Amino acid sequence: MNKTIPIVLAMLIFSSALAEQAPKKTGTAPRAAASKASLLNPASLKEQAPALFKVQFTTTQGDFVIEVTRAFAPRGVDRFYNLVKNHFYDGAAFFRVIPEFVAQFGINPRPEVSKVWEQATIQDDPVTQSNTRGMITFATAGVNTRPTQVFVSLGDNSNLNSMGFAPFGKVISGIE
């Protein structure tokens, strides 16, 4: 029987790499396109991610930091960047934890948001990194079916490489 541990993701804090991406305050109104971005409209979240950025997750069990590298899996990184930037994971819980295998999260706690993302899938990325301990990867239900759920490998899951699971980042602190 799989044991799940309720760990709530309370907030996300972008590292300085993302802070540098933020528009400068100039006293003018934001661009119209930016104001239309919404978690209720997945197609509106399509910014390209920086080449490298870090995300800090604050949970009830402590913080962890993920370093994300766009070159590893560009489509996955762009999706993750947009989800994080627009607070999709705020309040989400780890719903699947299997020791020495994975810790999985990525279902928005607001049902209306979660529902619109169920079918908002992205195409697969080629696997360029191995699913080793600490790597973060989108979960999938088959070819080109990645929506929002991600998992952190808690052990050597390199057997997932041949199944198309493309890691896009690595936990660099707090995996314990």
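Parameters and conventions
- Residues numbered from 1 in each chain as written.
- Predicted model: local features only at pLDDT ≥ 70, side-chain atom pairs only at ≥ 80, totals over all residues.
- Heavy atoms only, no water.
- Helix = DSSP H or I, 4+ residues; strand = E, 2+ residues; numbered from the N terminus.
- Buried < 20%, exposed > 50% of the residue type's maximum accessible area, 1.4 Å probe, protein only.
- Polar contact = N/O pair within 3.5 Å; in protein donor to acceptor, adjacent residues only side chain to side chain.
- Phe/Tyr/Trp six-rings, centres within 6.5 Å; stacked < 30°, edge-to-face > 60°.
- Pairing = 2+ DSSP bridges.
- pLDDT = per-residue confidence, 0-100.
- Contact = heavy atoms within 4.5 Å.

### Focus on the environment of Asp90
Here is step 1: Mapping Asp90 onto the fold places it in the loop between α3 (74–85) and β4 (96–98).
Here is step 2: For Asp90, a relative accessible area of 25% translates into the label partly exposed.
Here is step 3: As a C-alpha pair, Asp90 and Thr58 span 32 residues in sequence and 9.5 Å in three-dimensional space.
Here is step 4: Within the structure, the side chain of Asp90 is placed 3.0 Å from the side chain of His87, a separation counted as a polar contact.

### With respect to the packing of aromatic side chains
Here is step 1: All chains considered together, the criterion is met by 13 aromatic pairs.
Here is step 2: Ring geometry for Phe57 and Phe105: centres 5.4 Å apart, planes at 70 degrees, overall edge-to-face. With a gap of 48 residues between them, Phe57 in strand β2 (residues 52–59) and Phe105 in strand β5 (residues 102–105) connect regions that are remote in the sequence. In this pair, the class of Phe57 matches that of Phe105, namely buried.
Here is step 3: Cluster of aromatic residues (ring-pair linked, three or more members): Phe57, Phe64, Phe80, Phe88, Tyr89, Phe94, Phe105, Trp117, Phe138 and Phe168.

### A word on unusual backbone geometry
A negative phi angle characterises most non-glycine residues, just as the trans form characterises most peptide bonds.
Here is step 1: Positive phi, normally seen in glycine, also occurs at Glu100, with a value near 65 degrees.
Here is step 2: With respect to the secondary-structure elements, Glu100 resides in the loop between β4 and β5.
Here is step 3: The phi dihedral of Asn144 is positive, around 55 degrees, even though this residue is not glycine.
Here is step 4: With respect to the helices and strands, Asn144 occurs in the loop between β6 (135–138) and β7 (150–153).
Here is step 5: Asn144 gets classed as partly exposed once you look at its relative accessible area, which sits at 33%.

### Observations concerning the pairing of strand β3 (residues 62–69)
Here is step 1: Where β2 and β3 come together, 8 bridges link them in antiparallel fashion. The residue of β3 that forms the bridge with Val55 is Ile66.
Here is step 2: Here β3 runs beside strand β8 (residues 167–173); their pairing, made up of 4 bridges, is antiparallel. Its bridge partner being in β8, Val65 is matched across the sheet by Ser173.

### Considerations on the confidence of the model for the protein
Here is step 1: Looking at the protein as a whole, its pLDDT mean stands at 85, while 80% of the residues score no less than 70.
Here is step 2: Contacts from residues 1–35, a stretch scored under 50 in pLDDT, to residues over four places away or in other chains number 60 contacts.

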